[in-house]
Amino acid sequence: GGLMPGLMERWNCDRGEMVAGYGKIRDDWMAADLNGWLAPNLVYPGVAEACIAAETSTHCDVFIVTTKQARFAQAIMEGKGDLVIPDERVFSQTVSGLPKTDVLADLQAHARDDAVRLVFVEDKLSTLEKVCKVGAGLERWELFLVDWGYNTEAERARAEADPRITVINVDQFVGMLSTS
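Model, not experiment: these values are computed from the prediction.

Asker: Sorry, what's going on with the pairing of strand E4 (residues 141–146) here?
Answerer: Within a regular beta strand, the side chains point alternately toward one face of the sheet and then the other, so they alternate between its two faces. Among the six residues of E4, five are classified as buried, and the element is accordingly described as predominantly covered. As defined by bridge partners, strand E3 (residues 118–122) adjoins E4 across five bridges and the pair is classed as parallel. Each bridged residue has a counterpart across the sheet, and for Val119 the counterpart in E4 is Glu142. Each parallel crossover has a hand, and the one from E3 via helix H7 (residues 125–134) to E4 is right-handed. Taking the sense of rotation as the criterion, the β-α-β connection linking E4, helix H8 (residues 153–160) and strand E5 (residues 165–168) turns out right-handed.

Structure, rendered in structure tokens:
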């Protein structure tokens, strides 16, 4: 949805070509100056360490579902937080074109067993609302909106009014992952 599909059609832009073009610009920048490329990409204090603790736990598998191309998300995680997630557990919506809801449905279908706790942490409320709209197919997922990133105070208030969504801060996120 949104403005972009109409503009792309109007200007005769191909999504795949645009993704490849933006990817090449980033690849060239990273090859020329990786530290310069990494510098503006933030990892909140404690987040990488909590993800590492969860990833090294025998009770938890960390999956990354991102709108970034996977190699860029992995470069940020590795370069800024020493966090290495195996390729098969990093899902790029940009590359696949699949909505996050489809990725979550697939992860749920392939969970080790029905007792596995499924947790989805997101910084965009609209994404969590889409998960809620899917309904029965994704009801096993516990949904968390972090109070940083791509959301506003008004969106956090809206999320707090939704019984399926829990708003958490960095400390709560770190605590949740550190005990996984």
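Now that the structure has been shown, we can carry on.
Asker: Sorry if this is basic, but what is going on with the pattern of salt bridges here?
Answerer: Should their charged atoms come close, side chains of opposite charge can pair. What the rule picks out here adds up to six salt bridges. A salt bridge links Asp28 to Lys24; the nearest nitrogen and oxygen atoms lie 2.8 Å apart. Of this pair, Asp28 and Lys24 both sit in helix H2 (residues 15–38), separated by four residues, roughly a single helical turn. Under the relative-accessibility criterion, Asp28 is labelled partly exposed at 41%.

Asker: Just to check I follow, could you spell out the packing of helix H3 (residues 47–56) against helix H9 (residues 170–178) for this structure?
Answerer: Working note: a packed helix pair is described by the angle between its axes plus the distance between those axes. H9 packs onto H3 with a crossing angle of 15 degrees between their chain directions and a minimal axis gap of 8 Å. In this view, H3 runs roughly parallel relative to H9, as classed from their interaxial angle. Handedness of the crossing formed by H3 with H9: left-handed. Taken together, the residues of H9 that come into contact with H3 (itself represented by Val47, Ala50, Cys51, Ala53 and Ala54) are Val170, Phe173, Val174, Leu177 and Ser178. Classifying every residue of the contact of H3 with H9 by side-chain character gives nine nonpolar, one polar and no charged.

Asker: Honestly, the packing of H2 against helix H4 (residues 70–81) in this entry has me stumped. Any pointers?
Answerer: In contact at an axis separation of 12 Å, H2 and H4 are set at 5 degrees when each is read in the N-to-C sense. Our classification of the angle between H2 and H4 gives roughly parallel. Along its contact with H2, which presents Gly23, Arg26, Asp27, Met30, Trp37 and Leu38, the element H4 presents Arg71, Phe72, Ala75, Ile76, Gly79 and Lys80. Of the residues in the contact of H2 with H4, the class split is six nonpolar, two polar and four charged.

Asker: Just checking my understanding: could you explain unusual backbone geometry for this structure?
Answerer: Across residues other than glycine, the phi torsion is negative in most instances, and most of the peptide bonds are trans. The phi torsion at Asn12 lies on the positive side, around 55 degrees, for a residue other than glycine. With respect to the secondary-structure elements, Asn12 resides in the loop between helix H1 (4–10) and H2.

Asker: Please explain H2 as it appears in this structure.
Answerer: For an α-helix the count is 3.6 residues per turn, leaving residues at separations of three or four pointing the same way. Taking 1.5 Å as the rise per residue, H2 with 24 residues should run 34 Å; its terminal C-alpha atoms sit only 25 Å apart, a clear shortfall. Along H2, the residues classified as buried are Val19, Gly23, Met30, Trp37 and Leu38. Turning to H2, the residues buried within the fold contact H4 and helix H5 (93–96). In this structure Asp14 caps H2, since a side-chain oxygen of it lies 3.2 Å from the backbone nitrogen of Gly16.

Conventions and cut-offs
Residues numbered from 1 in each chain as written. Predicted model: local features only at pLDDT ≥ 70, side-chain atom pairs only at ≥ 80, totals over all residues. Heavy atoms only, no water. Buried < 20%, exposed > 50% of the residue type's maximum accessible area, 1.4 Å probe, protein only. Helix = DSSP H or I, 4+ residues; strand = E, 2+ residues; numbered from the N terminus. Pairing = 2+ DSSP bridges. Right-handed = clockwise from strand over helix to strand, strands pointing away. Salt bridge = Lys/Arg side-chain N within 4 Å of Asp/Glu carboxyl O. Axes fitted to C-alpha atoms, helices over the stretch in contact; angles between N-to-C directions. Parallel < 35°, antiparallel > 145°, perpendicular 65-115°, else oblique. Left-handed = near helix turned anticlockwise from the far one by under 90°. Contact = heavy atoms within 4.5 Å. Nonpolar A, V, L, I, M, F, W, Y, C, P; charged D, E, K, R; others polar. Expected span 1.5 Å × (residues − 1). Polar contact = N/O pair within 3.5 Å; in protein donor to acceptor, adjacent residues only side chain to side chain.

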